[in-house]
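Descriptive structure summary
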Amino acid sequence: MATFTNILESEEPSITINPSHKLAKINDNIYGGFTEHMGRCIYGGIYDPGNPLSDENGYRKDVIEAMRELNVPVVRYPGGNFVATYHWLDGVGPKEKRPPRPELAWLGLETNEFGTDEFLKWCETIGTEPYFALNFGTALGWVEYCNSSNNTYYANLRRQNGREKPYNVKYWALGNEMWGPWQVGQMTKEDYAKKAYQWAKALKLLDPSIELILCGETGYSTWDSYVLKECIKWDVHSLGGSMTASLISMHSIHIYTAAAEHLPNATAPRSAERAIEITARLIDLARIENGVPHTVPRQTICFDEWNVWDPTRAPGDKGAEEKYTLSDALAVGVWLNVFIRQSKYIGMANIAQSVNVISPLMTTKSGLLKQTTWWPLLLFSKYMRGYTLAINVRCAEYLGPTEPAWIRGTIETPWLDVSATISDEGWVSLAVVNVHETRGFETRLEGIGSGSVEVLTVTGQAVTVVNVEGKEEIGIKKSQWDGKGLFSFPKHSLTMLRWKA
Ligand code: AHR
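Residues numbered from 1 in each chain as written. Predicted model: local features only at pLDDT ≥ 70, side-chain atom pairs only at ≥ 80, totals over all residues. Heavy atoms only, no water.

With respect to the packing of aromatic side chains
Here is the rule we go by: When the centres of two rings from Phe, Tyr and Trp lie within 6.5 Å, Trp using its six-membered ring, the rings pair. Their planes under 30 degrees apart give stacked, over 60 give edge-to-face, and anything left gives tilted. Each helix is a run of H or I in the DSSP string that is no shorter than four residues. Each strand is a run of E no shorter than two, and both are numbered from the N terminus. Accessible area is worked out with a 1.4 Å probe on protein chains only. A residue is then buried under 20% of its type maximum, exposed over 50%, and partly exposed in between.
Within the structure shown, the criterion is met by 31 aromatic pairs. Look at F303 and W335: their rings are 5.4 Å apart centre to centre, the planes differ by 90 degrees, and that puts the pair in the edge-to-face class. A residue pair is termed long-range when its members are at least 10 positions apart, and F303 in strand 11 (residues 300-308) and W335 in helix 9 (residues 326-341) qualify at 32 residues. You can call F303 buried: its relative accessible area is 0%.

Take a look at the structure:
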């Protein structure tokens, strides 16, 4: 959390920080990924058999390395919209027997060469946890296949397919964007809430150890308030009489931001911050109205699709291969600041997506391109873990148009967008995105002590710069600062300052 004091453009900005003012533990799962059967994400992305860059399983080694470098704790799969008509059974067993199917979300053909076992093995190779999105109809068998150690049909099918030990997939989403008109299986909020609750009950009876994620919308819609009210209950009956359990652990929301102009683009993730604040209150309202006791852990938000994406410039049915600019990298910096500031409410967040499709990572036949947006993600994932610190930011505000327009009037858009963390080892990290296109800010930093400060900067010549193969202009520049006087945050930059408290 950050408090913001709006000052005149002519006044000196300041950031106040106190390493002992811890606010909330940051869930590592905010650095989650997402791989969908869409465009070149799976085929040609994480899985590329026959390519010399792939291992014996057909997994791209350079992608594995990048996911490890990013220390991605959890990856969502197999969609997205793709999951609406997916049957997991098509994607298990001998590859030559797997049926090719028409794919209705992105209007392609699914060979099913890559499926549950291939994905789960990939997760184990990376050292990340899987998170499955399901559709109603096929879910029970899928959970049994993945998690059961009993002598039952689907658990035995898994054994027959070469995997004795259960995978113990913990996170399962009750559908994806079920409110969307593009969705095969679109539902009214009433139908969804009823169905989701029934399926949640059955799934938890089958495997009480799983965590279920309710399908929300943007977090600020009637759909969200309705399904929360209907599904966040005190579910004592279905869980063996336990007084502390709930069927639902998290509520999923999705937002993509984008704008043609730099400032509306870079400040757009502030809408996600407002969405989180609203969703957290809707969760509390449902708990209060349904009399959920405090012994039932408060449900958190699963922001399982977020990123910069304009589907008109990078359409989904054409693979959504966005080319990200420095402006987009700064927007991603603001997105990540949002998750840090709001960490109290966030159980998981998944950048959409991890490879090739609206992604910071792009595979080519001969290598891996790191787009501009890779660098803020890497910096945050490496350093912004531990606890969120309370800070106060005094600076002036951008006052022009915003995207969406409702940002103006509901949340401020300061020139300096800031968050801070402290790690278990006592390292303080302060992330500052200066969204101003032409002005640097000489800023007073109060409470940073007097030692040497490590400085990591992401910036470039202009906000329009993109990284291309052979010329990756945007990266991380390292330097030192003696901690004395004012610190100058350069125009259109992300700066991370790190010191030992
Ligand atoms: O991430 C791309 C798509 O965007 C997902 O499939 C869908 O859930 C969302 O609309």
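That covers the picture; the talk isn't over yet.
A short note on the packing of helix 3 (residues 139-147) against helix 4 (residues 153-160)
Just so we agree on the cut-off: In this analysis an axis means a line fitted to C-alpha atoms, helices contributing only their contacting stretch, and an angle means the value between N-to-C directions, from 0 to 180 degrees. Angular relationships are summarised with four words: roughly parallel below 35 degrees, roughly antiparallel beyond 145, roughly perpendicular across 65 to 115, and oblique for the angles in between. Crossings are classed by handedness, with left-handed meaning an anticlockwise turn of the near helix from the far one by less than a right angle and right-handed meaning a clockwise turn. Contact between two residues is taken to exist if any of their heavy atoms lie within 4.5 Å; hydrogens are not considered. In this classification, the charged set is Asp, Glu, Lys and Arg, the nonpolar set is Ala, Val, Leu, Ile, Met, Phe, Trp, Tyr, Cys and Pro, and all remaining amino acids, among them Gly, are polar.
Their axes nearest at 7 Å, the elements helix 3 and helix 4 cross at an angle of 50 degrees. By the angle between their axes, helix 3 is oblique relative to helix 4. Between helix 3 and helix 4 lies a crossing whose hand is right-handed. Packed against helix 3, whose contacting residues are G141, E144, Y145, C146 and N147, the element helix 4 presents Y153, Y154, A155, L157 and R158 at the interface. Taken together, the residues that form the contact of helix 3 with helix 4 break down as 6 nonpolar, 2 polar and 2 charged.

Re the environment of V433
For V433, the location among the structural elements is in strand 17 (residues 427-434). The sequence separation of V433 and L368 amounts to 65 residues, and the corresponding C-alpha distance is 26 Å. Setting aside anything within four residues of it in sequence, one finds V433 in contact with L330, G333, V334, N337, W415, L416, D417, S493 and L494.

Thoughts on empty space enclosed by the protein
Stated formally: In this analysis, the protein atoms alone were mapped onto a 1 Å grid. Cavities are point sets where a 1.4 Å probe fits without being able to get out; pockets are open sets with protein on both sides within 12 Å along at least five of seven lines; lining residues have an atom within 4 Å of a point. Grid points are joined across faces, edges and corners, and a volume is the space filled by probe spheres set on the points.
A full pass over the atoms with the stated rule returns 3 cavities of 30 Å³ or more. Volume-wise, the largest cavity comes out at about 80 Å³. Lining the largest cavity are 13 residues, and of these L70, V72, I351, S354 and L377 sit closest to its centre. Secondary structure elements with two or more residues in the lining of the largest cavity: helix 1 (61-70) and helix 10 (374-383). Among the elements that take part in the lining of the largest cavity, helix 10 stands out by supplying 3 residues, more than any other. Residues that form the lining of the largest cavity fall into these classes: 9 nonpolar, 4 polar and no charged.

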